[in-house]
Amino acid sequence: MEKSKSKTQFMRFAFYRLDPVFRKLDPNVRLQAKEEALSVLDRFKDTMILRSYSLIATRADIDFLLWQIVEDVDVLEDLASKLMHTTMGPYLRMGASYFALSKGSVYIESIEKEAHALHGKVQPGTHPYLFVCPIDKSGQWYKLSDADRRKMVDEHVAVSVKHPSIKTHVVYSHGIDDRDVVIAFEANSIEDFHDAVLALRDSKINEHVVNNTPVYTCVNRDPKLIFDIID
């Protein structure tokens, strides 16, 4: 695969569920499986930004998320392959997957740009919660002038910055995955994010969103704890 010459970040939001059959295995086999999977994840810490989240209490169809950020897409493939070849691999089911890349917003210029991760590089924080929201824009949105779109984005951001505890990452999937945009919100509490969403619901930009589901509420957890919880 030809490598990108830029320093574009590529990312994958990989949502997994564990087949319940795994829990019927011998305890020693399950322990070995977890240790193998943890060893794989540990080996990739130097080649990607890797964050793990539990969804076992917030979704019926997903157990955990691996948020992966790289500058070389081959690394994503390598991690996926190595996980599949662990003892746990045959029991891991892909519940959902979103592929995107980061780039600076073409609209945001002056309104507290640093309050949001909209300026290119994505660097996750240590917030206890992550909300992953894939969205699609209407065809009419892309027919608007840059000035009109910028005005609506500025309005949206002006409300968002009133919630400084939330860190927003906007990444793009046009032409490379099924959705237009994936927005990942890091927050200190579920209530903080809920309040921000309510404050933004009347934003004009929402009139041009045609699909904003599913929404994934993710709890920041060490992968060892995640595997112990779902085992």
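I will try to describe carefully the structure that is included in this document. Just so it is clear, the structure is predicted and the values come from calculations on it, not from any experiment. (Residues numbered from 1 in each chain as written. Predicted model: local features only at pLDDT ≥ 70, side-chain atom pairs only at ≥ 80, totals over all residues. Heavy atoms only, no water.)

Counted according to the given criterion, the structure contains 10 aromatic pairs. Note on Phe-10 and Phe-99: the rings are 6.2 Å apart at their centroids and 5° apart in plane angle, and the pair reads as stacked. Of this pair, Phe-10 sits in strand β1 (residues 10-18) while Phe-99 sits in strand β4 (residues 92-101), placing them 89 residues apart in sequence. For Phe-10, a relative accessible area of 12% puts it in the buried group. What makes Phe-99 partly exposed here is its relative accessible area of 22%. Judged by centre distance (5.7 Å) and plane angle (85°), the ring pair of Phe-64 and Phe-227 falls under edge-to-face. Of this pair, Phe-64 sits in strand β3 (residues 64-70) while Phe-227 sits in helix α6 (residues 223-230), and the two are 163 residues apart along the sequence. (Phe/Tyr/Trp six-rings, centres within 6.5 Å; stacked < 30°, edge-to-face > 60°. Helix = DSSP H or I, 4+ residues; strand = E, 2+ residues; numbered from the N terminus. Buried < 20%, exposed > 50% of the residue type's maximum accessible area, 1.4 Å probe, protein only.)

One finds Met-48, Phe-64, Leu-79, Leu-83, Met-88 and Phe-227 to be the most contacted residues of the largest nonpolar core, which totals 24 residues. Looking at this core, the elements with two or more residues in it are β1, α1 (27-43), β3, α2 (73-84) and α6. When neighbours within four sequence positions are excluded, Phe-227 is seen to be in contact with Lys-34, Ala-37, Leu-38, Leu-41, Phe-64 and Met-88. If you look at the next biggest cluster of nonpolar residues, it comprises 21 residues, including Leu-55, Ile-62, Val-122 and Val-132. (Core = buried A, V, L, I, M, F, W, Y, C linked by side-chain atoms within 4.5 Å. Contact = heavy atoms within 4.5 Å.)

Below, the discussion takes up the pattern of salt bridges. Considering all chains together, one arrives at 12 salt bridges under this definition. Taking the shortest distance from any N to any O, the salt bridge between Arg-149 and Asp-146 comes out at 2.8 Å. Here the residue Arg-149 and the residue Asp-146 both occupy positions in helix α4 (residues 146-160), the gap between them amounting to three residues, near one helical turn. What makes Arg-149 buried here is its relative accessible area of 10%. A salt bridge links Lys-224 to Asp-228; the nearest nitrogen and oxygen atoms lie 3.1 Å apart. (Salt bridge = Lys/Arg side-chain N within 4 Å of Asp/Glu carboxyl O.)

Residues of α6 that are buried include every one of Pro-223, Ile-226, Phe-227 and Ile-230, and no others. One face of α6 carries all of its buried residues, which in axial projection span an arc of 95°. Elements that come into contact with the buried residues of α6 comprise β1, α1, β2 (49-54) and β3. The N-cap residue of α6 is Asp-222: its side-chain oxygen and the backbone nitrogen of Lys-224 are 2.9 Å apart. (Arc of directions from axis to C-beta. Polar contact = N/O pair within 3.5 Å; in protein donor to acceptor, adjacent residues only side chain to side chain.)

Right, let's talk about the side chain of Asp-180 for a bit. Relative to the helices and strands, Asp-180 is located in the loop between β6 (167-172) and β7 (181-187). It is Lys-137 that comes nearest to the buried, bridge-free Asp-180 among opposite-charge side chains, at 7.1 Å. Discounting chain neighbours no more than four positions away, the residues touching Asp-180 are Ile-135, Asp-136, Lys-137, Tyr-142, Tyr-172, Ser-173 and His-174. (Lys, Arg positive; Asp, Glu negative; His and termini not counted.)

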